[in-house]
Amino acid sequence: METLGREQPFSVCVLTTTRADYGILRPLLLALQEDPAFDMTLAVTGTHLSRPFGMTVREIEADGLPIGVRIPILEEGDAAPAAVSRAMARAVERFGACFQARRPDLLVALGDRYETFAVCAAAVSARIPIAHLHGGETTEGALDECFRHCITKMSYLHFTAAEVYRKRVIQLGEDPARVFNVGGLGVENALHTDFLSPEQLERDLDFPLFEKPCVVTTFHPVTLEPGSAGRQVEELLAAIAERTDLHFLLTKANADDGGAEINARLDAFARQAPNCRVAASLGMRRYLSALKYAHCVLGNSSSGLLEAPSFGIPTVNIGDRQRGRLQAESVISCRPEREDILRALETACSPDFRARAARAVNPYGDGNTSERICGILRQTLRSGGIDLKKKFYDIPF
């Protein structure tokens, strides 16, 4: 890549596939947009363009961020294994054509989703360098585990959320000079979002959310435990049914095998549970505002580990979906069984544990992540130092 004397900005394409990764990426997107060194555009796909998941591309449009391409790949309402494989095939084919027509200087991708894996595979074929965020983490209950490590090996630059994850990426054979511990973007969101007031949030949801202590709840399928989604969500709902002293804000599951079953059961339960409200997608600002005023977080979403500790509130982390991730002292892990969930929830709501959570330190950084990433991208692209013929970095035993 020849960059000496270059005057035009570097074209950076950022991939977003779900409401979750867009919310995490948002501070980086704004930083890239404001930096004259970059011409940033978004590649939008996955659940953003799916009606059952709320067409969350509208949130991106409302933010005014530049969308370069919109590429639908999902089959409406179907995330069975064969449908996931077909979605990946469409992603490789359609993004392959996109990358042939548009050749950004860099693709930025976050996380571990199957959609992200497929798009990165197309970028590798097109010889487009990839910068990967949140590599080196482990989620032992999910297929995402292997997709994440595959994306690591396809990527050139690595921005990890903690030092232990940086070391793990190096253990996968990546040169330490290309692996940077920058912290988690979710912490930056938690510290710097312009939050809604409790009254605004209640009006938006048409529900008196904070008349009782509020528990923000998200439960996704555990994809390495096939067939378990229905049973596990019923255990969760049975526990919720016993806590009529609390209000529960339930956000729907993602586009994984078992997600549609979970969502149908959430809807059916909420229709006869006056202390519950279900939302298909809250969007980043409403979701983080709910966390700010919540009594605690419940479920198996990564946000309970990454963002919730920055608000000083407890998290009840259910089952194995997030097993292996760093956890703050504010996190209680339990089995996906009614009695275990109830015990953990009782502990999380106790004054002693809430005081402990308020003092907990978030292990995912200090909230200056996007500034660090932009600086490293500028330096790397200006140096012309990207050589896709990577050498495997061996660690002596």
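If you're wondering where the values come from, they're calculated on a predicted model, not measured in any experiment.

Asks: I'm lost on the side chain of Thr160 in this one. Help?
Replies: Following the sequence through the fold, Thr160 ends up in strand β6 (residues 157–160). For Thr160, the contacting residues outside a window of four places in its chain are Gly135, Tyr165, Arg166, Val169, Val179, Phe180, Asn181, Val182 and Gly183.

Asks: Before we go on, may I ask you to explain the sheet that holds strand β8 (residues 214–218) in this structure?
Replies: Backbone hydrogen bonds are what pair the strands of a sheet, in a parallel or an antiparallel way. Here 6 strands make up an open sheet; going across it, the order is β10-β9-β8-β11-β12-β13 and the pairing parallel. Both edges of this open sheet fall to β10 (276–279) and β13 (331–334), since each of them pairs with a single strand only. In this sheet, neighbouring strand axes are inclined to one another by 20 degrees on average, regardless of whether the strands run parallel or antiparallel. Bridging between strand β11 (residues 296–299) and strand β12 (residues 315–318) involves 3 bridges; their strand directions are parallel. Counted as the bridge partner of Gly299 is Asn317 from β12.

Asks: What am I meant to see in unusual backbone geometry here?
Replies: Despite not being glycine, Arg127 has its phi angle at roughly 60 degrees, a positive value. Structurally, Arg127 is set in the loop between α4 (114–125) and β5 (130–133). Phi is positive for Asp206, close to 50 degrees, though the residue is something other than glycine. Along the chain, the position of Asp206 falls in the loop between α8 (198–205) and β8.

Asks: Is there a simple way to explain the nonpolar core in this structure?
Replies: Across soluble globular proteins, you tend to see nonpolar side chains buried next to one another. Val14, Leu28, Leu32, Phe38, Leu133, Phe159 and Leu377 are the most contacted members of the largest nonpolar core, which totals 36 residues. Elements supplying a minimum of two residues to this core: β1 (10–16), α1 (19–34), β2 (38–45), α2 (57–63), β4 (106–110), β5, β6 and α15 (369–383). Per-element tally for this core: the top contributor is α1, with 7 residues. In contact with Val14, other than residues within four places in its own chain, are Leu25, Leu29, Leu32, Met40, Thr41, Leu42, Ala43 and Val108. In this structure, Ile262, Ile341, Leu345 and Cys349 belong to the second largest nonpolar core, which totals 32 residues.

Asks: Even after reading the chapter, I still don't get the environment of Tyr293, so can you show me in this structure?
Replies: Tracing the backbone shows Tyr293 in helix α11 (residues 283–293). Assessed through its relative accessible area of 27%, Tyr293 is described here as partly exposed. In this structure, the C-alpha to C-alpha distance between Tyr293 and Leu209, residues 84 residues apart in sequence, is 9.8 Å. Setting aside residues no more than four positions away along its own chain, Tyr293 makes contact with Phe195, Leu196, Ser197, Pro198 and Phe210.

Asks: Looking at this model, I keep getting lost on the sheet that holds β4. Mind explaining?
Replies: An order of β3-β2-β1-β4-β5-β6-β7 is seen for the 7 strands of this open sheet, with the pairing classed as parallel. In this open sheet, the two strands that pair with only one neighbour each are β3 (67–71) and β7 (179–181). When strand polarity is set aside, the average angle formed by the axes of neighbouring strands in this sheet is 20 degrees. As paired strands, β1 and β4 are joined by 3 bridges and run parallel to one another. Bridging across to β4, Cys13 finds its partner in Leu107.

Asks: Could you clarify how one ought to interpret the packing of aromatic side chains in this entry?
Replies: Any two aromatic rings considered together are summarised by their centre-to-centre distance and by the angle between their planes. All chains considered together, the criterion is met by 6 aromatic pairs. Seen in terms of ring centroids, Phe195 and Phe311 are 5.8 Å apart; in terms of plane orientation they differ by 70 degrees. Their pairing is edge-to-face. With a gap of 116 residues between them, Phe195 in the loop between α7 (185–192) and α8 and Phe311 in the loop between α12 (303–306) and β12 connect regions that are remote in the sequence. Residue Phe195 is classed as buried on the basis of its relative accessible area of 18%. A cation over a ring is seen here: Arg178 above Tyr156, with NZ or CZ 4.9 Å from the ring centre.

Asks: Explanation requested: the environment of Arg148 in the structure shown.
Replies: Inspection of the secondary structure puts Arg148 in helix α5 (residues 144–154). For Arg148, a relative accessible area of 0% corresponds to the buried category. A polar contact is formed between the side chain of Arg148 and the side chain of Thr139, at a distance of 3.3 Å.

Asks: What is the right way to read the packing of α1 against α15 from this model?
Replies: Geometrically, a packed helix pair is captured by the angle between its two axes and the distance between the axes. Interaxial distance between α1 and α15 falls to 9 Å at its minimum, and their mutual angle equals 45 degrees. As far as their axial angle goes, α15 and α1 are oblique. When you trace α1 past α15, the crossing you get is right-handed. On α15, the residues that touch Pro27, Leu28, Ala31 and Leu32 of α1 are Ser370, Ile373, Cys374 and Leu377. Each residue belonging to the contact of α1 with α15 can be placed in one class, and the counts come to 7 nonpolar, 1 polar and no charged.

Procedures and definitions
Numbering of residues begins from 1 in every chain and follows the order in which that chain's sequence is written. Note on the predicted model: pLDDT of at least 70 is required for a residue's local features to be given, and 80 or more for side-chain atom pairs to be given and counted; whole-chain, interface and lining totals, by contrast, use all residues. The side-chain figures draw on all heavy atoms in the structure; neither hydrogens nor water molecules are used. By the criteria applied, helices consist of DSSP H or I runs no shorter than four residues and strands consist of E runs no shorter than two, each listed in order from the N terminus. A contact between two residues is defined here by any heavy atoms of the two lying within 4.5 Å. Note on pairing: DSSP must find at least two bridges between two strands before they are called paired. Here an axis means a line fitted to C-alpha atoms, over the contact stretch when the element is a helix, while the angle between two N-to-C directions is reported on a 0 to 180 degree scale. In these notes, a set of buried Ala, Val, Leu, Ile, Met, Phe, Trp, Tyr and Cys residues joined through side-chain atoms within 4.5 Å is what counts as a nonpolar core. Only protein chains enter the accessibility calculation, which uses a 1.4 Å probe; a residue is then buried when its area is under 20% of its type maximum, exposed when over 50%, and partly exposed in between. Any two of the Phe, Tyr and Trp rings considered here, Trp counted by its six-membered ring, make a pair once their centres fall within 6.5 Å; the pair's planes then place it as stacked at under 30 degrees, edge-to-face at over 60, or tilted in between. Only when the NZ of Lys or the CZ of Arg is both within 6 Å of the ring centre and within 35 degrees of the ring normal is a charge said to sit over the ring. Here a polar contact is taken to be a pair of N or O atoms separated by no more than 3.5 Å, where protein atoms must pair a possible hydrogen donor with a possible acceptor and residues adjacent in sequence count only if both atoms sit in side chains. Comment on the angle field: the value is read as roughly parallel under 35 degrees, roughly antiparallel over 145, roughly perpendicular from 65 to 115, and oblique elsewhere. Left-handed describes a crossing whose near helix is turned anticlockwise from the far helix through less than a right angle; right-handed describes the clockwise counterpart. Three categories are distinguished: nonpolar for Ala, Val, Leu, Ile, Met, Phe, Trp, Tyr, Cys and Pro, charged for Asp, Glu, Lys and Arg, and polar for the others, with Gly belonging to the last.

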